[in-house]
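# Summary of structural features
The residues making up each chain are set out below.
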Amino acid sequence: MRSKALPILCYHKCGPADQEGRRLNVEPRRLAAHARFFLRRGAEFVTAGRLADGWPDRGVCLTFDDGYVSTLRNAFPALEALGVRASVYVVTDKVGSSADWEGGDGAPLAGWDELLDAHRRDFEVGCHTATHARMDGLDPDTQRREVLDALNALRERGLEPRSFCHPYGRYDSATLEILQGAGVPIGLALGKRPALPTDPRLELPRIVLAYSDGVAMLLYRMLLRPRLRQASGAAKRP
Ligand SMILES: [Zn+2]
């Protein structure tokens, strides 16, 4: 891997398939295998917000979108047992209810008590808008409300989010301006490669992992696929 390349992994739910399904889910054992792989390589686990303070030499970030009950109850204890911390991105109007937005399956979302408890155990609780709005193309006033309402809800509870996760990985120039104005230093998008220190801090790419991705597939998504994409891009150039 190129020096300082930082895999930021994107997960959602975490539980057995017979309870959580396979879509947007990782089984706790598989998640632990991913974490142990990085531990064996001597990687430093950082929460996304910490990237505002500096870029680790051999880092890795684990992120969980939407704040599912299954993430808090299954993923976090499994990681904690390995001494690993991660970030969870919550949709503030939906905390304690369910993921009923477009494309969501209505899976239950953790309440504030559980989120605050995770925060006390050094997990990062970050911002994922107020209603899980798809921001690109949305009028700037609505975008501003989505960001500021969500930040206020978090701050009222003593959380000071330093990272923001773009719903659906989508954003536009207004989103970035609003985040900058609101003092949020780190933004997470989606991409098919590790993040690099040269990437704009509000547009860091994350690698999405699928239910069936073991360590071999993790390696493919992290190391091989970016090279193949680079090579095919180079081949297309005259
Ligand atoms: Zn989401």
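Check the entry above for the structure.
## Section: the overall build of the chain
Looking only at helices and strands, the chain has 7 helices and 10 strands in total. Here the C-alpha atoms of the chain give a radius of gyration of 17 Å, agreeing with the 18 Å that 2.2 N^0.38 yields for 238 residues. Taken along its principal axes, the extent of the C-alpha atoms in the chain is 45 × 40 × 35 Å. For the chain, with 238 residues in total, the buried portion stands at 51%. Considering only residue pairs separated by 6 or more positions, the chain has 63% of its internal contacts joining residues 24 or more positions apart. Total accessible area computed for the chain in this model is approximately 10700 Å², and 49% of it derives from carbon and sulfur atoms. A distance of 10 Å separates the average location of the 34 positive side-chain charges in the chain from that of its 30 negative side-chain charges.

## Some points on the side chain of Glu-146
Mapped onto the secondary structure, Glu-146 falls in helix α5 (residues 140-156). Nearest to the buried, unbridged Glu-146 among oppositely charged side chains is Arg-145, at 7.2 Å. In terms of polar contacts, Glu-146 uses its side chain to reach the side chain of Thr-131, at 2.6 Å.

## A word on the pairing of strand β6 (residues 87-90)
Both faces of β6 are covered, namely the face carrying Ser-87 and Tyr-89 and the face carrying Val-88 and Val-90. Sheet topology note: the strand β5 (residues 59-66)/β6 ladder contains 4 bridges and is parallel. Bridge assignment links Phe-64 to a residue of β6, and that residue is Val-88. Viewed along the sheet, the connection from β5 through helix α3 (residues 69-80) into β6 turns out right-handed. Pairing between β6 and strand β7 (residues 124-127): 4 bridges, direction parallel. When the bridges of β7 are listed, Val-88 appears paired with Val-125.

Reading the values: the criteria
For every chain, the first residue of the written sequence is number 1, and numbering continues from 1 along that sequence. Under the rules for a predicted model, residues below a pLDDT of 70 receive no local features and side-chain atom pairs below 80 are neither given nor counted, while totals for whole chains, interfaces and linings still include all residues. As a rule here, side-chain values come from all non-hydrogen atoms in the structure, and water together with hydrogens is ignored. In this description a helix means any DSSP run of H or I spanning at least four residues, a strand means any run of E spanning at least two, and both kinds are numbered starting from the N terminus. The globule rule used for comparison is 2.2 Å times the number of residues to the exponent 0.38, while the radius of gyration itself is calculated over C-alpha atoms. Buried, partly exposed and exposed residues are distinguished by accessible area as a fraction of the type maximum, computed with a 1.4 Å probe on protein chains only: under 20%, between the cut-offs, and over 50%, respectively. Whether two residues touch is decided by their heavy atoms; if any such pair falls within 4.5 Å, the residues are in contact. Where accessible areas are quoted, they stem from the Shrake-Rupley method and a 1.4 Å probe; at the residue level, only the protein chains shown are allowed to cover. For this count, His and the chain ends are skipped, Lys and Arg are scored as positive, and Asp and Glu as negative. Charged groups are reduced to one reference atom each: NZ for lysine, CZ for arginine, CG for aspartic acid, CD for glutamic acid. Salt bridges, as used here, are contacts in which a Lys or Arg side-chain nitrogen is within 4 Å of a carboxyl oxygen on Asp or Glu. Between N or O atoms, a polar contact is any pair within 3.5 Å; within protein, one atom must be a potential hydrogen donor and the other a potential acceptor, and residues adjacent in sequence are included only when both atoms are from side chains. Pairs of strands are assigned from DSSP output, requiring at least two bridges between the strands. A crossover gets the label right-handed when its path from the first strand over the helix to the second runs clockwise, viewed with the strands pointing away from the viewer.

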